[in-house]
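Per-entry structural report
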Amino acid sequence: MNILLLGGGGREHALAWKLAQSPSLKTLYAAPGNPGIAQHATLVDLDAADHRAVVDFCIRHSIGLVVIGPEAPLVDGLADNLRIMGVPVFGPNKKPAQLEGSKGFTKDLCKRANIPTAAYVRVTSKDGAIAALDDFALPVVIKADGLAAGKGVIIAETRDEALAALDSMFSGAFGAAGEEVVLEEFMTGEEASFFALTDGSAILPFGSAQDHKRVGDGDTGPNTGGMGAYSPARVLTPALEQQAIDTIIRPTVDTLAAEGMPYSGVLYAGLMLTDAGPRLIEYNARFGDPECQVLMTRFDGDLVALLLAVAQGKLADQGPVTLADRTALTVVMAASGYPGTPEKGGSIAGIEAAEQTGAKVFHAGTADKGGTLVANGGRVLNVTATGDSVGAAQAAAYAAVDAIDFPTGFCRRDIGWREVEREAR
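Quick caveat: nothing in here was measured; it's all calculated off a predicted structure.

**Re the overall build of the protein chain**
Along its length, the protein chain carries 14 helices and 22 strands. Each principal axis of the C-alpha atoms in the protein chain carries an extent, and together these give about 55 × 50 × 45 Å. Looking at the protein chain as a whole, 57% of its 425 residues qualify as buried. Of the contacts formed within the protein chain by residues at least 6 apart in sequence, a portion of 69% connects residues at least 24 apart. Counting every atom, the protein chain has about 16,300 Å² of accessible surface; 49% of that belongs to carbon and sulfur. Mean positive and mean negative side-chain charge positions of the protein chain (35 and 51 charges, respectively) differ by 3 Å.

And the structure:
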């Protein structure tokens, strides 16, 4: 089977690496890809925003499955157009993809389906938002409604911080994503991510992870797209996982189907584990980044067969997903300046040495400049390793990090710290 993978980040490198292991794969194409993805796929010059060009490519190259990695093409409705032309696609249509494309859409769905989540209000003007602030205790969570590359969430500890955040959003700091804002109750507890595949009816759990959003050690500094992750997140116990399926995932799938917009793809639920049980923070409509990297490292199965079953509405025919018991942990190496303006062009060496330690290095934001690998984005590399414990996986990942020569890069040195501390007790 010929497959087209859309995207060019670390998530897509992990997907390409696992897709390439399938015995049913004939040719894997990737657009735009990156130097790491090029090790597993034929890179093609194709713009995911040009739906006609994508459809034409699929027809000309007998594509049997399209895997859409990033969120933007999903929210833009690419999956709809592929399905109309009879091309199997892994990823939701435009309407259900609003689970990620609009924070307000998701909160309203939670209200309709009685899904546990934080109290909220949607506002469309700065004055309205300021008036609504009085309804929330501090700290308060302020979110740009639309897609903001993982950076449109601010936790305001004081009223002045809240006012500054609202001023920033309504003055265009996040572009169209900030034209509407959601104010939310601040929830306390530990965060974990839960993943489930669904074809709009059947649901198949696909593991858990814990991401590290803050740029600095000890969860300090501004939010990023993610500085590292590990899987499984053992704080999300089997009992809590089942509770999340019963009270969050299943009602979401059933409500969307009943309302005429069935969800097909992966549901990535960001959860807050409160004293009252799991509550939904937000949904993503695709595999996380860097969570995908640790999930694919643990996944033991045929990814092509599994994703095709989702695309064809045959997920109920699949057995349970098999994930290795070992912990997988990934460390993001980012370019200096991230999450602000990253320093591009810095040379990178030592990846082969890093992988000789047993780790896998996924390319997230790299480019080949005349035979030299250089940084070409904010998050540049995802150094991923496994171990019998989080502590062992952490040590293996940082041993690989230390083998890489990336002078203009940096990373957090404490990925997995909460679980490492628990293991030490």
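Moving on, there is more to tell.
**Side note on the state of the cysteines**
Taken as a whole and judged by the stated rule, the model has zero disulfides. Here Cys-58 stays free of any disulfide, with the sulfur of Cys-292 as its closest cysteine sulfur at 20 Å. A relative accessible area of 3% places Cys-58 in the buried class.

**A look at the pairing of strand S2 (residues 27-32)**
The pairing of strand S1 (residues 2-7) with S2 spans six bridges and is classified as parallel. Pairing of Asn-2 across the sheet is with Thr-27, part of S2. Of the crossover connections in this fold, the one passing from S1 over helix H1 (residues 10-19) to the parallel S2 is right-handed. Summarising the sheet, S2 and strand S3 (residues 42-43) pair through two bridges and their orientation is parallel. Bridged to Ala-30 within S3 is Leu-43.

**Thoughts on the packing of H1 against helix H10 (residues 291-298)**
In contact at an axis separation of 8 Å, H1 and H10 are set at 15 degrees when each is read in the N-to-C sense. In terms of axis orientation, H1 runs roughly parallel to H10. Crossing of H1 against H10: the hand is left-handed. Between H1 and H10, the residues in contact are Gly-10, Arg-11, Ala-14, Leu-15, Trp-17 and Lys-18 and Cys-292, Gln-293, Met-296 and Thr-297, respectively. Its residues placed into classes, the contact of H1 with H10 shows five nonpolar, three polar and two charged.

**Some details on a negative patch on the surface**
A cluster of acidic residues, Asp-45, Asp-47, Asp-50 and Asp-56, forms a negative patch at the surface. By relative accessible area, which is 83% here, Asp-45 ends up exposed.

**Observations regarding the sheet that holds strand S8 (residues 153-156)**
Strand order in this open sheet of four strands is S6-S9-S7-S8, and the pairing throughout is antiparallel. Each of the sheet's edge strands pairs with one partner strand only, and the pair in question is strand S6 (120-123) and S8. Between one strand and the next, the sheet's axes are offset by a mean angle of 20 degrees, whatever the strand orientation. Where S6 lies against strand S9 (residues 181-185), four bridges are found, and the strand directions are antiparallel. Its bridge partner being in S9, Val-123 is matched across the sheet by Val-181. Across the sheet, helix H6 (residues 103-113) is in contact with S6, strand S7 (140-144) and S9; its angle to S6 comes to roughly 140 degrees. Together, S6, S7 and S9 form the strand contacts of helix H7 (residues 126-133), whose direction differs from that of S6 by roughly 160 degrees.

**Concerning unusual backbone geometry**
At the junction of Ala-31 and Pro-32, the peptide bond is cis and its omega measures out at -5 degrees in the coordinates. Its location among the elements puts Pro-32 in strand S2. For Ser-62, which is not glycine, the phi torsion reads 50 degrees and is therefore positive. Mapped onto the elements, Ser-62 comes out in the loop between helix H2 (51-60) and strand S4 (63-68). Unlike most non-glycine residues, Asn-114 shows phi in positive territory, near 60 degrees. By secondary structure assignment, the location of Asn-114 is in the loop between H6 and S6. For Asn-114, a relative accessible area of 69% translates into the label exposed.

**A word on H2**
Those residues of H2 that sit buried are His-51, Val-54, Val-55, Phe-57 and Cys-58. Seen along its axis, H2 keeps its buried residues to an arc of 160 degrees; they face one direction. Those residues of H2 that are exposed and aimed more than 90 degrees away from the buried face are Arg-52, Ile-59 and Arg-60. Count one or two residues on from H2 and you reach Ser-62, which has phi positive near 50 degrees.

Definitions and cut-offs
- Residues numbered from 1 in each chain as written.
- Predicted model: local features only at pLDDT ≥ 70, side-chain atom pairs only at ≥ 80, totals over all residues.
- Heavy atoms only, no water.
- Helix = DSSP H or I, 4+ residues; strand = E, 2+ residues; numbered from the N terminus.
- Buried < 20%, exposed > 50% of the residue type's maximum accessible area, 1.4 Å probe, protein only.
- Contact = heavy atoms within 4.5 Å.
- Areas by Shrake-Rupley, 256 points an atom, 1.4 Å probe, with all protein chains shown as cover.
- Lys, Arg positive; Asp, Glu negative; His and termini not counted.
- Charge placed at Lys NZ, Arg CZ, Asp CG, Glu CD.
- Disulfide = S-S within 2.5 Å.
- Pairing = 2+ DSSP bridges.
- Right-handed = clockwise from strand over helix to strand, strands pointing away.
- Axes fitted to C-alpha atoms, helices over the stretch in contact; angles between N-to-C directions.
- Parallel < 35°, antiparallel > 145°, perpendicular 65-115°, else oblique.
- Left-handed = near helix turned anticlockwise from the far one by under 90°.
- Nonpolar A, V, L, I, M, F, W, Y, C, P; charged D, E, K, R; others polar.
- Patch = residues over 30% accessible without salt bridge, like charges linked within 9 Å, V, L, I, M, F, W, Y side chains within 5 Å.
- Salt bridge = Lys/Arg side-chain N within 4 Å of Asp/Glu carboxyl O.
- Arc of directions from axis to C-beta.

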